[in-house]
Amino acid sequence: MAFRSRKGKNRVKRLTRADFLRSWGMHPYATTRYSGLKGVYWYYFSRKRRKEDFMRYGTCISCDKRVENWEHEDAGHFIAASRGGFGLLFEPINVHLQHKKCNNPRFTPDAAVGYAINLDKRYGVGTAAALWDLRGKEVHEWSKDEYVLKLAGMGILQNTQKEAPPKRGSYRHREER
């Protein structure tokens, strides 16, 4: 949407963060770990991984205790996002349903031991070691187009249509009369 400024030049109105999140079907004040399309992808990817783990196992991967509601827990990494590089950030085998306390090394510093044991139980012996070997591997970060394609692959499409703002002074209850 373009409008004329005082100086007469056309400029494009920037999309607010809330409008950007709404356009991807997210709550306008949703907390995202990353900004932009990376944040949108992480939001949907983590929800998908948590729900899959809950439906299949119903337990935290670190402590193996029952999880009541997958939406209130975390999608935790075996190899931390800060150490694993981009290659392991969105690797499904590296991200699983975890209790919030198990995903915080301050509260449970040895949670990675339980995570490794349960990874090997779920995917076969050597899975944790294979992930450990992939740590720090050079992988390019996805472009905006790649994020959009990955989101489309998950069935998430951006809503580019904007609703027309209501006319001044018009209220629904008045229009219904």
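The coordinates are above.
Values in this document were obtained by computation on a predicted structure and should not be read as measured data.

> Could you clarify how one ought to interpret the layout of surface pockets in this entry?
If you roll a probe as big as a water molecule over the atoms, it shows you where there is empty space left. The calculated volume of the largest pocket comes to roughly 450 Å³. If you trace the largest pocket, you find 21 residues lining it, with His-77, Phe-78, Ala-80, Pro-105 and Ala-112 closest to the centre. Here the lining of the largest pocket is built from residues that sort into 12 nonpolar, seven polar and two charged. For the second largest pocket, the lining is made up of 15 residues, of which Thr-31, Trp-42, Ser-46, Arg-50 and Asp-74 are closest to its centre. Looking at the lining of the second largest pocket, the elements with two or more residues in it are α2 (36-56) and β3 (74-77). For the lining of the second largest pocket, the leading source of residues is α2, giving five residues.

> Is there a simple way to explain the packing of helix α5 (residues 111-123) against helix α6 (residues 127-134) in this structure?
Axis angle and axis distance: for two packed helices, these are the angle between their axes and the distance between the axes, and together they describe the pair. Following both chains from N to C, one finds α5 and α6 inclined at 115 degrees, their axes separated by 7 Å at the closest point. Considering the angle they form, α5 stands roughly perpendicular to α6. On the side of α5, the interface is formed by Ala-116, Leu-119, Asp-120 and Tyr-123, while α6 contributes Thr-127, Ala-128 and Leu-131. When the residues that make up the contact of α5 with α6 are grouped by side-chain class, the tally is five nonpolar, one polar and one charged.

> When you look at the packing of aromatic side chains in this model, what are you seeing that I'm missing?
The description of an aromatic ring pair uses the distance of the two centres, along with the angle that the planes make with each other. Using the criterion set out here, one finds 14 aromatic pairs in the structure. Look at Tyr-41 and Phe-45: their rings are 5.8 Å apart centre to centre, the planes differ by 15 degrees, and that puts the pair in the stacked class. Pair noted here: Tyr-41 and Phe-45 are both in helix α2, with a separation of four residues, about one helical turn. One exposure class covers both Tyr-41 and Phe-45, and it is buried. An aromatic cluster of at least three residues, connected via ring pairs, comprises Tyr-34, Tyr-41, Trp-42, Phe-45, Phe-86, Phe-90, Trp-142 and Tyr-147. The ring of Tyr-57 has Arg-122 sitting right over it, with the charged end atom 3.7 Å from the ring centre.

> I tried to follow unusual backbone geometry on my own but got confused; where do I start?
Phi is mostly negative for residues that are not glycine, and the peptide bonds are mostly trans. A positive phi angle is found at Asp-64, which is not glycine, with a value near 65 degrees. Within the secondary structure, Asp-64 is located in the loop between α2 and β3. We classify Asp-64 as partly exposed; its relative accessible area is 43%.

> Which parts of the structure should I look at to understand α2?
One turn of the α-helix equals 3.6 residues, which is why residues spaced by three or four share an orientation. Compared with an ideal rise of 1.5 Å per residue, which puts 21 residues at 30 Å, α2 spans 31 Å between its outermost C-alpha atoms and is within 8% of the ideal. Looking one or two residues beyond α2, the residue adopting positive phi is Gly-58, at roughly 75 degrees.

> So what exactly am I meant to see when it comes to the side chain of Thr-59 here?
For Thr-59, the location among the structural elements is in the loop between α2 and β3. There is a polar contact of 3.4 Å between the side chain of Thr-59 and the side chain of Asp-64. Every residue in contact with Thr-59, bar those within four places of it in the chain, is listed here: Asp-64, Lys-65, Arg-66, Val-67, Leu-97 and Arg-122.

> How should the environment of Thr-127 be read in this particular structure?
Structurally, the position occupied by Thr-127 is in helix α6. The exposure class assigned to Thr-127 is buried, which follows from its relative accessible area of 13%. Taking the C-alpha atoms as reference points, Thr-127 and Asn-94, 33 residues apart in sequence, are found 9.6 Å from one another. Residues within four places of Thr-127 in sequence aside, it is in contact with Ile-93, Leu-119 and Asp-120. From its side chain, Thr-127 meets the backbone oxygen of Gly-124 in a polar contact 2.7 Å long.

The rules behind these values
- Residues numbered from 1 in each chain as written.
- Predicted model: local features only at pLDDT ≥ 70, side-chain atom pairs only at ≥ 80, totals over all residues.
- Heavy atoms only, no water.
- 1 Å grid on protein atoms, 1.4 Å probe; cavity = no way out; pocket = protein on both sides within 12 Å on 5 of 7 lines; lining within 4 Å.
- Points joined across faces, edges and corners; volume = space filled by probe spheres on them.
- Nonpolar A, V, L, I, M, F, W, Y, C, P; charged D, E, K, R; others polar.
- Helix = DSSP H or I, 4+ residues; strand = E, 2+ residues; numbered from the N terminus.
- Axes fitted to C-alpha atoms, helices over the stretch in contact; angles between N-to-C directions.
- Parallel < 35°, antiparallel > 145°, perpendicular 65-115°, else oblique.
- Contact = heavy atoms within 4.5 Å.
- Phe/Tyr/Trp six-rings, centres within 6.5 Å; stacked < 30°, edge-to-face > 60°.
- Buried < 20%, exposed > 50% of the residue type's maximum accessible area, 1.4 Å probe, protein only.
- Lys NZ or Arg CZ within 6 Å of the ring centre and 35° of its normal.
- Expected span 1.5 Å × (residues − 1).
- Polar contact = N/O pair within 3.5 Å; in protein donor to acceptor, adjacent residues only side chain to side chain.

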